[in-house]
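Per-entry structural report
The primary structure of each chain is shown beneath.
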Amino acid sequence: MSRSRAAIVDGRLRKGGRVRALNADAREALARLRPDASIARFFLHFPDPWWKKRHTKRLVMGPALLDSLARLLVDGGELFVQTDVEERGALYAEQIGAHPAFEPAGDAPGSPHLAENPYGARSPREHHAIADGLPVSRLRYRRRPRAAGGARRWIPAETRGKPARRARRGA
């Protein structure tokens, strides 16, 4: 979605007060979004269109994005991902399945896979993939409940296992 189209859609959605649309790098935008545990559902429609090896650095899905999604989702909140690249579908299932905050919520117990899009609205890419006869991998996960005591601070993947930095006090 272009920036101008995202701004138009966001303006319309903002009137309802419960939905937002943005055109940004999700890895950066979601890291800044607050408050924690405030989003009921995330949709990632065909997030990584680059399948060449040299474009691996551009992949959206990864530990940092999953940490942000886990931090922002309410307990029981949903993450819905779909792609028309089979290898990416398998990669996403592996990455999300390995994250401690998510549990599979697909058609069969213990599986993240969905046969159809359960939300009704289809993205333009989904329409094209179906028209072209491409298989669409659909995955749904739920946010596991947090430990007692409510939302806890999520430690980003890139800082796990590193000692905490202490802030300097006055000069």
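Look a little higher up for the structure.
First things first, this report covers the structure right here in the doc. (Residues numbered from 1 in each chain as written. Predicted model: local features only at pLDDT ≥ 70, side-chain atom pairs only at ≥ 80, totals over all residues. Heavy atoms only, no water.)

1. Some thoughts on the nonpolar core
Judged by nonpolar contacts, the single largest core of 20 residues is most densely connected at Met 61, Leu 69, Leu 79, Ile 96 and Phe 102. At the level of elements, strand S1 (39–45), helix H3 (63–72), strand S2 (73–83), helix H4 (86–98) and strand S5 (137–143) are the ones that each hand at least two residues to this core. With residues near it in sequence (within four places) discarded, Leu 79 still touches Phe 42, Leu 44, Leu 66, Leu 69, Ile 96, Phe 102, Leu 139, Arg 140 and Tyr 141. (Core = buried A, V, L, I, M, F, W, Y, C linked by side-chain atoms within 4.5 Å. Buried < 20%, exposed > 50% of the residue type's maximum accessible area, 1.4 Å probe, protein only. Helix = DSSP H or I, 4+ residues; strand = E, 2+ residues; numbered from the N terminus. Contact = heavy atoms within 4.5 Å.)

2. Some points on unusual backbone geometry
The linkage connecting Arg 34 with the following residue, Pro 35, adopts the cis geometry, with an omega of 0°. If you trace the backbone, Pro 35 turns up in the loop between helix H2 (26–32) and S1. Phi angles above zero are rare outside glycine, and Ala 37 is one such case at about 50°. With respect to the secondary-structure elements, Ala 37 resides in the loop between H2 and S1. For Ala 37, a relative accessible area of 26% corresponds to the partly exposed category.

3. Some words on the pattern of salt bridges
Applying the stated criterion to the full structure yields nine salt bridges. Here Glu 126 makes a salt bridge to Arg 122, at a shortest N to O gap of 2.6 Å. For Glu 126, a relative accessible area of 0% puts it in the buried group. Given a relative accessible area of 32%, Arg 122 falls into the partly exposed group. Connected through shared salt-bridge partners, Glu 116, Arg 122, Glu 126 and Arg 138 make up one network. (Salt bridge = Lys/Arg side-chain N within 4 Å of Asp/Glu carboxyl O.)

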